[in-house]
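Here's the letter readout for the chains.
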Amino acid sequence: MEKLFFLLFFTLLSSLSHSATACQPSDHAALLSIKAALNEPYLGIFNTWTGSDCCNKWYGVNCDPTTGRVADLNLRGESEDPIFEKAGRSGYMTGSISPEICKLDQLSSLIIADWKGISGEIPSCISSLYNLHILDLIGNRLTGVLPDGIGNLKKLTVLNVADNLISGWIPASIVNLGGLMHLDLRSNQLTGQIPSDFGKLGKLSRALLSRNKLTGPIPSSIANMNRLADLDLSINQLSGSIPDQIGRMPVLSTLNLDSNRLSGPIPATLLSDTGLNILNLSRNALEGNIPDVFGSKSYFMALDLSFNKLSGGVPKSLSSAAYIGHLDLSHNHLCGGIPAGSPFDQFEAASYDGNDCLCGTPLRTC
């Protein structure tokens with residue numbers, strides 16, 4: 001009798017455990033709707049999406065072991081997963097993202113990335129997935145706008161929708177994502193201005209907004225982002241001057257502002273004893289002298305000031321910089337002799353070409 005009792009007890013316990021971790025019917029139905037809206041013809045990843053238990057070996061689906069709710073949907077078209085290696089190709093998928101995805105209301109990460117052919121809009125109800133930490137939709141052909149309510153996702157740490165066809169303005173609510181650490185909006189068709197209070201994103205370490213159609217000024221509030229290491233606003237239509245405060249940001253190491261319509265002088269703070277390692281200000285309308293403020297803490301892997309309206313001479317203080325790996329001062333209005341010695345003698349003529357009257361090695365003799 002005692003053995004029978006324990007057998008029944010463990011059978012019941014096992015049954016309860018399984019019911020807690022098995023796929024919930026609402027999640028199962030939502031996943032099948034997602035599958036129905038997508039077409040993946042080469043790898044067969046959806047062939048695993050069969051049976052009643054979506055928590056058991058469904059490709060890209062992970063469930064919370066306690067609740068049995070779907071916690072992660074990770075579908076990447078570029079991966080080292082054996083399914084890709086066996087096929088010998090990267091992924092390609094068409095179709096759209098079904099709004100039924102919003103019924104997976106316990107999602108922590110939503111990754112549908114690098115499939116190249118997924119089109120349609122980002123479902124606006126995405127902004128109701130309050131548990132999301134990661135939203136990664138890079139490398140598709142998504143259109144429409146970023147959901148206005150994106151700022152509701154207070155737990156979001158990664159927002160990546162780069163390499164799509166998304167248009168419209170950057171939603172004003174985006175500045176409410178106080179925990180956001182990585183923002184990648186590159187290579188879309190975004191228009192309008194960067195929100196003036198963009199600097200409220202105090203935990204952001206990377207802000208990548210290049211290759212859009214953004215206009216207006218660079219918000220001075222960006223200088224308040226004390227954890228920002230990488231800022232890329234290149235290949236837009238930004239105008240006005242470069243805020244002087246950006247040169248005082250404590251951990252900024254890469255600043256790409258090239259191919260905009262920026263004007264005014266180069267802030268001396270960008271060149272003097274800063275932590276910047278890569279600075280690209282090329283192809284703008286910057287004018288005035290290049291600040292002669294380089295020092296022993298100036299360490300540039302790349303410094304590109306080409307295709308502007310800069311005048312004056314080549315700063316002599318560049319010789320005191322700790323390191324200049326790549327220098328491009330070409331196509332400005334610089335005049336005078338190129339200083340002799342290091343680091344000037346390590347650069348080819350292309351670094352100085354197209355100026356008004358520069359001379360000295362490697363150009364013509366003065």
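The structure under discussion appears in the preceding block.
What counts and what doesn't
Residues numbered from 1 in each chain as written. Predicted model: local features only at pLDDT ≥ 70, side-chain atom pairs only at ≥ 80, totals over all residues. Heavy atoms only, no water. Core = buried A, V, L, I, M, F, W, Y, C linked by side-chain atoms within 4.5 Å. Buried < 20%, exposed > 50% of the residue type's maximum accessible area, 1.4 Å probe, protein only. Helix = DSSP H or I, 4+ residues; strand = E, 2+ residues; numbered from the N terminus. Disulfide = S-S within 2.5 Å. Salt bridge = Lys/Arg side-chain N within 4 Å of Asp/Glu carboxyl O. Contact = heavy atoms within 4.5 Å. Polar contact = N/O pair within 3.5 Å; in protein donor to acceptor, adjacent residues only side chain to side chain. Expected span 1.5 Å × (residues − 1). Arc of directions from axis to C-beta.

This brings us to the nonpolar core. The tendency in soluble globular proteins is for nonpolar side chains to be buried side by side. Judged by nonpolar contacts, the single largest core of 97 residues is most densely connected at Leu31, Leu73, Ile101, Leu159, Phe198 and Leu209. Those elements that place two or more of their residues in this core are α2 (25-36), β2 (61-63), β3 (70-76) and β5 (109-113).

Quick look at the state of the cysteines now. A full pass over the atoms with the stated rule returns five disulfides. Covalently, Cys102 is tied to Cys125 through a disulfide, its sulfur atoms 2.0 Å apart. A torsion of 80° about the S-S bond marks the disulfide between Cys102 and Cys125 as right-handed. Taken as a pair, Cys102 in the loop between β4 (93-96) and β5 and Cys125 in the loop between β6 (116-119) and β7 (134-136) lie far apart in primary sequence, 23 residues in all. Overall, the relative accessible area of 12% leaves Cys102 in the buried class. Cys125 gets classed as partly exposed once you look at its relative accessible area, which sits at 25%. Disulfide pairing places Cys359 opposite Cys366 at an S-S distance of 2.0 Å. Judged by the sign of its S-S torsion, about 100°, the cystine formed by Cys359 and Cys366 is right-handed. We classify Cys359 as buried; its relative accessible area is 9%. Each disulfide of the chain joins two cysteines, and with those cysteines numbered along the sequence the arrangement is 1-2, 3-4, 5-6, 7-8, 9-10.

What follows concerns the pattern of salt bridges. A full pass over the atoms with the stated rule returns eight salt bridges. Between Arg76 and Asp136 there is a salt bridge, with the nearest N and O atoms lying 3.2 Å from each other. In this pair, Arg76 sits in strand β3 while Asp136 sits in strand β7, placing the two residues 60 residues apart along the sequence. Arg76 gets classed as partly exposed once you look at its relative accessible area, which sits at 28%. When salt bridges with common partners are traced through the structure, they connect Asp27, Arg69 and Asp105 into a single cluster.

Turning to the environment of Lys116, a few remarks are in order. Structurally, Lys116 can be placed in strand β6. A relative accessible area of 34% means that Lys116 is categorised as partly exposed. As for Lys116 and Glu85, which are separated by 31 residues in sequence, their C-alpha atoms are 18 Å apart. Among residues more than four places away in sequence, those in contact with Lys116 are Gly77, Glu78, Ser90, Gly91, Tyr92, Gly139, Asn140 and Arg141. Within polar-contact distance, the side chain of Lys116 engages the side chain of Glu78 at 2.9 Å. Here Gly91 takes part through its backbone oxygen, which lies 2.9 Å from a polar atom of the side chain of Lys116.

Attention shifts here to α2. Between the first and last C-alpha of α2 there are 17 Å, a value that for 12 residues agrees with the 16 Å anticipated at 1.5 Å per step. The complete set of buried residues in α2 reads Asp27, His28, Ala30, Leu31 and Ile34. Taken down its axis, α2 places every buried residue within 165° of arc, on the same side. Away from the buried face of α2 by more than 90 degrees, exposed residues Pro25 and Ala36 are located. At its buried positions, α2 is contacted by β1 (38-39), β2 and β3.

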